[in-house]
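Breakdown of the fold
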Amino acid sequence: MSHAQNVQTVETSQADRSDPWKPEAPPFPSLGKPVRHPLKVGIIGAGFGGLSCAIHLARAGARVTVFEKNACAGGRANRIEQAGWRFDTGPSLLNYPWVFEGLFRNAGRDLHDYVTLLPVDPSIRFRWPDGATLELSSHIGRLRAEFERWDPEIAPRLFAWLADAEFKYDFAFRKLVGNPSRNPLRWFGALSPREMAATAIWRSMDGELRRFFRSRRLREALGAYAMYLGGSPRRLPGLFTILPYGEIAYGLWMPKGGMFALTEALVRLAGELGVELRLRAPVARIRTENRTVKGVETADGRFHPLDIVVSNVDVPTTWTALLPADVAAARRRAAARLPMTPGVITFYWGVRGCVEALGHHTIFLPERADRVYADLLRGRRPVEPAFYVSVASHSDPTLAPPGDSTVFVLVPVPTLHTAGGETDGPDVVEQVRAQVFARLARERIPLGPARIQLETVYTPTDWRDRFGLYAGSAFGAAHTLFHLGPFRPGLRDRELRGLYYVGASTVPGTGLPLVVLGGAMTAKAILEAGGNR
């Protein structure tokens, strides 16, 4: 059945029903051939990309050790626990569950034996200063009704957009996302002429959305994902309309116990496969000889000989902080040229009572979202910020003391390298906190300082120092046209034999699903090389 026919079926059979729409998911990358000789692999960092790579390599027979500097695995997907409140530090929802199901299936396991996924629907609510709102849902009837509030005649164009985005999503994940080619012609050459035309890379994300949606507010909501990709809807390629589509099509979910429950599941799976996870074991440097990796040296001065090293530390941080001095000096210039996604200031609030006015995930957009993008791209802190609020206890009350709430607020700000003191420090934190409270008060949301019983704050400096995020960039290298696929830093170091990368700043890109796919891709590259450096 064609994509257009598929969506027509959705329109006629599900538009007035409450059933979620679940299109067929793309395939997860194959495991790769097993190793033929004992292969010692060290992975620096136990983020989701590193854990995915470790799981795939161990499944193929490699001896894998993961070196993690913190007390817990997970990277950005970590946890804060205080006085009965439990906060996920980074990702607040799980998207593209088929990716995680594929990871566990490759390991001979079932994801759902390890975690219970709770549906979050409506998935996201957008709010504007004038009181206008928009909710996204994976239930087609609800989605149609919500969009018709903005445009009563939108149904044919909504379903046309879903058909177009489904087609894009399918070929993007089947032919581009998992394609590690460093040759742009070969990368794009995997597409048919029809698929190439549908990429809309010559048109902006906003321009592509304009083909279907007349309402500026609808385009602002669907284009808001651009903020976390280091661009704006007017600068990112039209292919990125697959982002809102993917969350509508496959839903948003939260593991029971919070996102950290998924971290614990990956750690458990890795352990079952024989992966050795060393916590509080920071790597000080990668040791090389004659441009060939020999192992890693941990902060305690111990040398660990290895055949292969995979860095799950942010790529530009690896370049500038972990490589030999002569190589690092040259790489600093490359790191400085790499455009990064914004930094963030995150607040973790233990709140007394329920926050009834907010669902699990709310994005607050300003009246002029374009100014926020422009300010962030120019290294300025927005005068009127966009931010999102996650109340995870809305979906799982066990994350807070009985009757109380866990509240997570994320505010995009410039990176440390572009804004310096303008994006960090106590005064900036206080100003940003005041902006958030002022916006909540204007919208009559009863969440003010008096209700907050405890607070933890991470600034871009904290994100850099805790998790190795280059310049405090929260989401890794940007995803502008010339920093996609073959234009991003590759999985294999171009100069040092035996050094590989995984994570948000390499291919395929940022976000938990993509770094998990990237872990499989890096493992496959190592296995296809036969473990050779």
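Below: a short report on this structure. (Residues numbered from 1 in each chain as written. Predicted model: local features only at pLDDT ≥ 70, side-chain atom pairs only at ≥ 80, totals over all residues. Heavy atoms only, no water.)

**Some thoughts on the overall build of the protein**
The line we're drawing: Only DSSP runs of H or I reaching four residues or more are called helices, and only runs of E reaching two or more are called strands; each is numbered from the N terminus. Atoms considered for the radius of gyration are the C-alpha atoms alone. The globule rule reads 2.2 Å times the number of residues to the power 0.38. Residue burial is assigned from relative accessible area. The probe radius is 1.4 Å, only protein chains are included, and a residue is buried under 20% of its type maximum, exposed over 50%, and partly exposed in between. Should any heavy atoms of two residues lie within 4.5 Å, those residues are considered in contact. Calculation of accessible area relied on Shrake-Rupley with a 1.4 Å probe; when residues are assessed, cover is drawn exclusively from the protein chains displayed. Charge assignment: positive for Lys and Arg, negative for Asp and Glu; neither His nor the chain ends contribute. Taken as the charge location is NZ of Lys, CZ of Arg, CG of Asp or CD of Glu.
Scanning the protein from N- to C-terminus turns up 18 helices and 20 strands. Over its C-alpha atoms the protein spans a radius of gyration of 22 Å, differing by no more than 12% from the 24 Å that the globule rule assigns to 533 residues. The principal-axis extents of the C-alpha atoms in the protein amount to approximately 65 × 55 × 45 Å. Here the protein, with 533 residues, has 62% of them falling under the buried criterion. The long-range share in the protein, meaning contacts at least 24 apart out of those at least 6 apart in sequence, stands at 74%. If you sum the accessible surface of the protein, you get close to 20400 Å²; carbon and sulfur atoms cover 51% of it. Side-chain charges in the protein split into 66 positive and 52 negative, and the spacing between the mean points of these groups amounts to 6 Å.

**Looking at helix H14 (residues 369-377)**
Quick note on the threshold: What the arc covers is the set of directions going from the helix axis to the C-beta atoms.
Of all the residues in H14, the buried ones are Ala369, Val372, Tyr373, Asp375 and Leu376. Down the axis of H14, the buried side of the element spans an arc of 165°, and every buried residue falls inside it. As for H14, its buried residues are in contact with helix H9 (216-223) and strand S18 (405-413). Following H14 by one or two positions, Gly379 has its phi on the positive side, about 80°.

**Thoughts on the sheet that holds strand S10 (residues 276-278)**
To be explicit about the condition: Strands pair, by our definition, only if DSSP identifies at least two bridges between them. Only the contacting stretch of a helix is used when fitting its axis, a line to C-alpha atoms as for every element, and angles between N-to-C directions run 0 to 180 degrees.
Taking strand neighbours across the sheet as the criterion, the five strands line up as S10-S2-S1-S14-S20 in an open arrangement whose pairing is parallel. Each edge of the open sheet carries a strand with a single partner, namely S10 and strand S20 (499-501). Along the sheet, successive strands turn relative to each other by an average axial angle of 20°, direction set aside. As defined by bridge partners, strand S2 (residues 63-67) adjoins S10 across three bridges and the pair is classed as parallel. Pairing of Thr65 across the sheet is with Glu276, part of S10.

**Considering the packing of aromatic side chains**
Condition: Aromatic rings from Phe, Tyr and Trp, taking only the six-membered ring of Trp, are treated as a pair when their centres fall within 6.5 Å; an angle between ring planes under 30 degrees marks them as stacked, one over 60 as edge-to-face, and anything in between as tilted. A ring is scored as having a charge over it whenever the NZ atom of a lysine or the CZ atom of an arginine sits within 6 Å of its centre and within 35 degrees of its normal.
One pass over the structure, following the stated rule, counts 25 aromatic pairs. Aromatic ring contacts, followed pair by pair, group Phe87, Tyr228, Tyr348, Tyr388, Phe408, Tyr458, Trp463, Phe467 and Phe475 into a single cluster. The ring of Phe167 is capped by Arg194, whose NZ or CZ atom sits 4.0 Å from the centre of that ring. Positioned over the ring face of Tyr114 is Arg268, at 4.1 Å from the centre of the ring.

**So, the nonpolar core**
Rules: Within this scheme, the nonpolar core is defined by two criteria: the residues are buried Ala, Val, Leu, Ile, Met, Phe, Trp, Tyr or Cys, and they are joined through side-chain atoms within 4.5 Å.
Among the nonpolar cores identified, the biggest contains 135 residues, and Phe126, Phe147, Trp161 and Phe213 are the most heavily contacted of them. No other element matches the 13 residues that helix H5 (residues 155-177) contributes to this core. Of all hydrophobic cores here, the second largest spans 25 residues; its members include Val293, Met340, Tyr470 and Leu499.

**Thoughts on the pattern of salt bridges**
Pairing between side chains becomes possible if they bear opposite charge and their charged atoms approach one another. Worth spelling out the cut-off: One side-chain nitrogen of Lys or Arg within 4 Å of one carboxyl oxygen of Asp or Glu is enough to make a salt bridge.
On inspection of all chains with the given rule, the structure shows 37 salt bridges. Residue Asp164 is joined to Lys168 by a salt bridge in which the shortest nitrogen-to-oxygen separation is 2.5 Å. On the criterion of helical spacing, the pair formed by Asp164 and Lys168 is a turn pair, its members being four residues apart in helix H5. There is no split in this pair, since Asp164 and Lys168 are both buried. If you follow the salt bridges from partner to partner, you end up with Asp130, Arg216, Arg217, Glu220 and Glu367 in one network.

**As for helix H11 (residues 260-272)**
In plain terms, the rule: Expected span, for any helix, means 1.5 Å times one less than how many residues it has.
Its 13 residues give H11 an end-to-end C-alpha distance of 18 Å, which sits within 8% of 18 Å, the value for a rise of 1.5 Å per residue. Listed in full, the buried residues belonging to H11 are Phe260, Ala261, Leu262, Thr263, Ala265, Leu266, Leu269 and Ala270. Phi for Gly274, located one or two positions after H11, is positive at around 95°.

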